Amino acid sequence: MSEAVTTLPGQTLVRPLSLRRRITDRVMTGAAVLTVVIVLAPLVAIFGYVVYRGVGAINWAFLTQTPKPVGEAGGGMANAIVGSIFILGIASIIGVPLGIGAGIYLAEFGRNRFGTAIRFTADVLNGVPSIVIGIVAYAIVVLRQGHFSALAGGVALAIMMVPTISRTTEEMLLLVPQALREAAYGLGVPRWRTTLSITLRTATSGVITGVMLAFARVAGETAPLLFTALGNEFWSLRLDQPTAALPLQIYRYALSPYDDFHRQAWAGALVLIVLIVTAVAAVRFVVRRGTFGAA
């Protein structure tokens, strides 16, 4: 039964909601709010505990010095912080273009058996344990180079980024109304130009979100880096040399029996979270303020 009853032209009499509907509305709203609280509570608790354990060990020495030998107080994770940024930069340079390109192909040209095979492969890769991808990168890069390297670590993380980015890009492009494509075709715009200048630009916000999800996922991975970048106690920003990374340093310090290393491990975890949040927020800000945000 309709809740609105028309009495005179231009006038509508709205019947008050029944008690049952008001109660149902309150109950469902409360259930939705409770669900959000249940989901957010563990996240807030984990973040709060990391801040509680790690903020006390963060100082200027921690951010600017390399690790000290066992038994010597002080030191920091400056090389690991810079190394993580370096390896993630390599992974992004390799993985983001490949992932977006694959997503464009799947959305615009992938309605065939080859596209189905790519989707299946991407879905399988999303569920493969990261340590397996690390072993694959070890076989592809490390064994060929003859040594561990930052490049191998970047390749391993890039392999993990591609499936997430490609599937997210495909879904975002499919949400773009077909009418926009048809309007461009009607004006004589080639299909490739329509895809890049109209379809992709319209879906930019969703595509960037997928890229940031993939970036955040791989930023804290340790297992692939154990087989590829290996780690380094000193400064190293060469593609062909072992390189320190925050997840590796945190892992090693957490396994050590020394309290000072444990404190630094908590501090490293906090810095890693801050770096991820800062990177995601910065990219979102640039996208909203820049050229893509205005499209």
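Here the structure is shown first, and the text comes after it.
Residues numbered from 1 in each chain as written. Predicted model: local features only at pLDDT ≥ 70, side-chain atom pairs only at ≥ 80, totals over all residues. Heavy atoms only, no water.

## Regarding the packing of aromatic side chains
Describing an aromatic ring pair means giving the distance of the ring centres and the angle of the ring planes. For the structure shown, the criterion picks out seven aromatic pairs. Ring centres 4.2 Å apart and planes at 5 degrees place the aromatic pair tyrosine 253 and phenylalanine 261 in the stacked group. Comparing tyrosine 253 with phenylalanine 261 shows no difference in burial state: the two are buried. On the basis of an interplanar angle of 80 degrees and a centroid distance of 5.7 Å, the ring pair of tyrosine 258 and phenylalanine 261 is categorised as edge-to-face. Given the relative accessible area of 10%, phenylalanine 261 is considered buried. (Phe/Tyr/Trp six-rings, centres within 6.5 Å; stacked < 30°, edge-to-face > 60°. Buried < 20%, exposed > 50% of the residue type's maximum accessible area, 1.4 Å probe, protein only.)

## Points about the pattern of salt bridges
Pairing between side chains becomes possible if they bear opposite charge and their charged atoms approach one another. In the structure shown here, the tally under the stated rule is seven salt bridges. Between lysine 68 and glutamate 72 there is a salt bridge, with the nearest N and O atoms lying 4.0 Å from each other. Measuring nitrogen to oxygen at the nearest pair gives 2.7 Å for the salt bridge that ties glutamate 170 to arginine 119. Here arginine 119 lies in helix 4 (residues 113-127) and glutamate 170 lies in helix 6 (residues 150-174), a separation of 51 residues in the sequence. On the accessibility criterion, arginine 119 (13% relative accessible area) is buried. Each of Arg119, Asp123, Arg167 and Glu170 takes part in salt bridges that share partners, so that together they form one network. (Salt bridge = Lys/Arg side-chain N within 4 Å of Asp/Glu carboxyl O. Helix = DSSP H or I, 4+ residues; strand = E, 2+ residues; numbered from the N terminus.)

## Observations concerning unusual backbone geometry
Its identity as a non-glycine residue notwithstanding, leucine 230 has a phi of 70 degrees, on the positive side. Mapped onto the secondary structure, leucine 230 falls in the loop between helix 10 (223-226) and helix 11 (246-255).

## Digging into the packing of helix 3 (residues 78-108) against helix 8 (residues 191-202)
Axis separation between helix 3 and helix 8 bottoms out at 12 Å; the angle between their running directions is 110 degrees. On the basis of their axis angle, the class for helix 3 and helix 8 is roughly perpendicular. As helix 3 packs across helix 8, the resulting crossing turns out to be right-handed. Two secondary-structure elements touch here, helix 3 through Ile100, Ile104 and Glu108 and helix 8 through Arg191, Thr195, Leu196, Thr199 and Leu200. When its residues are assigned to classes, the contact of helix 3 with helix 8 shows four nonpolar, two polar and two charged. (Axes fitted to C-alpha atoms, helices over the stretch in contact; angles between N-to-C directions. Parallel < 35°, antiparallel > 145°, perpendicular 65-115°, else oblique. Left-handed = near helix turned anticlockwise from the far one by under 90°. Contact = heavy atoms within 4.5 Å. Nonpolar A, V, L, I, M, F, W, Y, C, P; charged D, E, K, R; others polar.)

## Brief notes about the nonpolar core
With 50 residues, the main nonpolar core has Ile87, Ile100, Leu157, Met161, Ile165, Leu225 and Leu246 as its most contacted residues. Put simply, the parts of the chain that give this core at least two residues each are helix 3, helix 6, helix 9 (204-219), helix 11 and helix 12 (259-289). Beyond its immediate chain neighbours, meaning those up to four positions away, methionine 161 contacts Ala91, Ser92, Val96, Ala214, Phe215 and Val218. (Core = buried A, V, L, I, M, F, W, Y, C linked by side-chain atoms within 4.5 Å.)

## Some words on a nonpolar patch on the surface
Together, Val36, Val39, Leu40, Leu43 and Val44 line one region of the surface with nonpolar side chains, adding up to about 470 Å² of accessible area. Relative to the assigned elements, valine 36 resides in helix 1 (residues 19-54). (Patch = residues over 30% accessible without salt bridge, like charges linked within 9 Å, V, L, I, M, F, W, Y side chains within 5 Å. Areas by Shrake-Rupley, 256 points an atom, 1.4 Å probe, with all protein chains shown as cover.)

## Points about the side chain of serine 84
Looking at the secondary structure, you find serine 84 in helix 3. Under the relative-accessibility criterion, serine 84 is labelled buried at 5%. Excluding anything up to four places from it in sequence, serine 84 contacts Ala244, Ala245, Leu246 and Pro247.

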